[in-house]
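# Commentary on secondary and tertiary structure
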Amino acid sequence: MNSDEQRLSQLLKMSVPHPPHALSADQVTTRQVDRSAKSWALPAMAAAAVAVVGVTAGVLASNHVSGGRTDPSSPGGAPAASAVKPTVTPSSSASPHATPTCRAEESVPAVTGMTQAAAVQVLAAAGYTVTVTTAASGQVPAGTVIAQSPAAGTRLPPGGAVGLRVAAANRTNGGGAGAPTSAPATPASAASCPASVSPPAQGAKVAVPEVVGMTQATAMQLAQAVGFTVTIVTMPPPASQPVPPGTVYKQTPAGGSVAARGTQITLYLP
Amino acid sequence: MPQPPDFADFVRGRSGPMLRAAWLLTGGDWALAEDLVQTALGEVWRRWDRVADMAAPDAYAHRAMVNTCLRWRGRRWTGEIASAYLPESAATGGFQQVEMREALVRALRELTVKQRAVIMLRYFEDRTEAETADIMGCSVGTVKSQAAKAMGKLRHAPGLKDFLTGETAA
């Protein structure tokens, strides 16, 4: 090493700060779970995304699903987004509200303000890969998405990477900061389409998202994003069906069925 | 999902040094650095059964981190968010150190990711040219040329020039 290099080495060792906080194994493994969660969330989310895109698409999609079309690349045989969200063929008999010009899968949905889980699911359904970064934030509850990149509405082909910055647990505020579930449910419907597109009318038919197995907050966000009103029923599950606390174990109407927008969807939690 | 027992220990021990290295790789962006380390450790975790038996699991993790960073080169958001969230200024150290650090961050952002990786491996972690080439998956010649280019840029960076050319005492 010459003297320049030695001085650079000295400068680096002196200047690189110590990390503001350490990582724990949980953060790493939770991310992995988040990623794998996409595969089971896809069918429900795809249905939801389609419903946002347009009523006709929703009806067609549920037909596709019931027709047993599955994506060979998904190991669980789950219907992948590509199988469900295709060809918005405007069929005049189904609905006059189809909006084939707004294709949610091409522009990045707005997920700022959602919980991390909900945002990841919304983005996964739109076909994007998600990278989560945590950052300290004093103003919002931990687990809330505080920034996204690219910005909402940016055109990005499916498969593109979307970065999320999620509020970390508040360290300065004596702990007990809000859990992810305490974030207000933010309807995502407005996010996925430009404002110029009028939403499907109240009472139009929409595919019901499958939310069994999700947390209450996520399920509510999903259902509300599609246009349902949500009722929560707390009731012990059948003894044969052990359910983790806070998880939806049953829903009516069932996921995949078609119901009118504005219909009440009932979620059962233990 | 079952988690092999020592992975938590591994993360506890290695995340600090990896974060500091990632801070250099990302041009002083803690959020991006954490993202990078989390991603690299995620790779390690997925292959932990095999990695845990390796002679140097930390080298594997390090390689995963550098490669991830090099892969991220083209990502649109690497520079985009960084400007909205300025790096926290250090709470410790004298003014001189703080100014030096800010000058370093500005200078690092003028470098390419590859140049930052060479700088980090060669001069922060004191690895040899051969080790650096091995981790980055390139030739020793590339390491030399990238190091020289980076050095050339840093030598003329405002705020670092005096220090690196030895005109002021450290």
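All figures in this text were calculated on a predicted structure; none of them were measured in a lab.

## Considering the overall build of chain B
Of regular secondary structure, chain B possesses 10 helices and zero strands. Its helices and strands taken in sequence order, chain B reads α-α-α-α-α-α-α-α-α-α from the N to the C terminus. The contacts of chain B with a sequence gap of at least 6 include a subset with a gap of at least 24, amounting to 61%.

## Quick word on helix H5 (residues 116-125) of chain A
Since the α-helix turns once every 3.6 residues, residues separated by three or four places project in the same direction. Residues and elements named next belong to chain A. Burial runs high along H5: 10 of the 10 residues are buried. Within H5, burial applies to Gln116, Ala117, Ala118, Ala119, Val120, Gln121, Val122, Leu123, Ala124 and Ala125. Downstream of H5 by a residue or two, glycine 127 has a phi angle that is positive, lying close to 90°.

## Remarks on the interface of chain A and chain B
On the side of chain B, 42 residues touch chain A, which itself brings 37 residues to the contact. Listing elements by their share of the side of chain A that touches chain B, those giving two or more residues are helix H1 (3-15), helix H2 (25-53), strand E1 (129-135), strand E2 (145-149) and strand E3 (161-167) of chain A. Broken down by element, the side of chain A that touches chain B gets its largest block of residues, 12 residues, from H1(A). In the side of chain A that touches chain B, the residues fall into 17 nonpolar, 14 polar and six charged.

## Re the environment of B:Ala148
Residues and elements named next belong to chain B. Its location among the elements puts alanine 148 in helix H9 (residues 140-155). Residue classification places alanine 148 among the exposed positions, given that 12 C-beta atoms sit within 10 Å. Separated by 33 residues in the primary sequence, alanine 148 and glutamine 115 place their C-alpha atoms 9.1 Å from one another.

## Observations regarding the packing of helix H8 (residues 129-136) of chain B against H9(B)
When two helices pack together, their arrangement is captured by the angle between the axes and the distance separating the axes. All names here are of chain B. At a closest axis distance of 8 Å, the pairing of H8 and H9 adopts a crossing angle of 105°. When the axes of H8 and H9 are compared, the pair comes out roughly perpendicular. Where H8 abuts H9, its residues Glu129, Ala130, Thr132 and Ala133 lie against Val140, Thr142, Val143 and Lys144.

## With respect to the pairing of E1(A)
Residues and elements named next belong to chain A. Counting buried residues in E1 gives five out of seven residues, a clear majority hidden from the surface. As paired strands, E1 and E3 are joined by seven bridges and run parallel to one another. Within the sheet, the bridge partner assigned to valine 132 lies in E3 and is leucine 164.

## A word on the confidence of the model for chain B
Residues and elements named next belong to chain B. In the predicted model, chain B carries a mean pLDDT of 80, and the fraction of residues at 70 or more is 80%. Residue range residues 76-93 is modelled with pLDDT below 50. Its contacts to residues more than four positions away, or to other chains, number 24 contacts. For this predicted complex, the interface confidence comes out at an ipTM of 0.80, alongside a pTM of 0.44.

## Some words on the packing of helix H2 (residues 30-46) of chain B against helix H4 (residues 57-71) of chain B
Residue and element names in this part refer to chain B. Axis separation between H2 and H4 bottoms out at 8 Å; the angle between their running directions is 125°. It follows that H2 is oblique to H4 by the angle criterion. Once H2 is placed against H4, the crossing between them reads as right-handed. Contact residues: H2 offers Leu36, Val37, Thr39, Ala40, Leu41, Glu43 and Val44, while H4 offers Tyr60, Ala61, Ala64, Met65, Thr68 and Cys69. Residues that form the contact of H2 with H4 fall into these classes: 10 nonpolar, two polar and one charged.

## Side note on the nonpolar core
Ranked by size, the top nonpolar core spans 52 residues in total, and within it B:Ala22, B:Leu24, B:Leu36, B:Val37, B:Ala40 and B:Met65 carry the most contacts. Looking at this core element by element, the count peaks at 10 residues for H2(B). Mapped onto the domain boundaries, this core takes at least three residues apiece from domain 1 (1-86) and domain 2 (89-170) of chain B. With residues near it in sequence (within four places) discarded, B:Ala22 still touches B:Ala33, B:Leu36, B:Val37 and B:Met65. Counting residues in hydrophobic clusters, the runner-up holds 22 residues, among them A:Ala118, A:Val120, A:Ala125 and A:Tyr128.

## Notes on the sheet that holds E1(A)
Across the sheet, three strands lie side by side as E1-E3-E2 (chain A); this open sheet has mixed pairing. Sheet topology places E1 and E2 of chain A at the edges, where each strand pairs with a single neighbour. Each neighbouring strand pair of the sheet contributes to a mean axis angle of 25°, computed without reference to strand direction. Contacting E1 and E3 of chain A, H2(B) crosses the sheet at an angle of about 125° to E1(A).

## Some points on unusual backbone geometry
Following A:Thr252, the chain continues to A:Pro253 via a peptide bond in cis, the omega torsion being -10°. Within the fold, A:Pro253 resides in the loop between strand E6 (250-252) and strand E7 (258-260). Non-glycine residue B:Asp126 carries a positive phi angle of around 55°. By the secondary structure assignment, B:Asp126 is in the loop between helix H7 (113-124) and H8. Note on B:Asp126: 12 C-beta atoms within 10 Å, which makes it exposed.

Cut-offs used in this document
- Every chain begins its residue count from 1, and numbering advances along the sequence as written.
- The lettering of chains begins at A and the numbering of ligands begins at 1, in the order of writing.
- With the structure being a predicted model, the display of local features is reserved for residues of pLDDT at least 70 and the display and counting of side-chain atom pairs for 80 or more, all residues being used for whole-chain, interface and lining totals.
- For the purposes of this entry, the term helix denotes a DSSP run of H or I that reaches at least four residues, the term strand denotes a run of E that reaches at least two, and both are numbered from the N terminus.
- C-beta atoms are first placed from the backbone for all residues, and any pair lying within 7 Å is then listed as a contact.
- Burial is judged by counting other C-beta atoms within 10 Å of a residue's own C-beta: 20 or more means buried, 12 or fewer means exposed, and anything between counts as partly exposed, with every C-beta placed from the backbone.
- When residues are sorted by character, Ala, Val, Leu, Ile, Met, Phe, Trp, Tyr, Cys and Pro go into the nonpolar class, Asp, Glu, Lys and Arg into the charged class, and all the rest, Gly among them, into the polar class.
- All axes are obtained by fitting lines to C-alpha atoms, using only the stretch in contact for helices, and the reported angles, taken between N-to-C directions, cover 0 to 180 degrees.
- For classification purposes, angles smaller than 35 degrees are called roughly parallel, those larger than 145 roughly antiparallel, those between 65 and 115 roughly perpendicular, and all remaining angles oblique.
- In this analysis, strands are considered paired if DSSP registers two or more bridges between them.
- Each residue gets a pLDDT score, which is the predictor's confidence in that residue and runs from 0 to 100.
- By the definition used in this description, the sense in which the near helix is turned from the far one sets the handedness, with an anticlockwise turn below a right angle giving left-handed and a clockwise turn giving right-handed.
- For our purposes the nonpolar core covers buried Ala, Val, Leu, Ile, Met, Phe, Trp, Tyr and Cys residues that link as a set through C-beta atoms within 7 Å.
- Note that the domain bounds were set by an automatic or database domain assignment.

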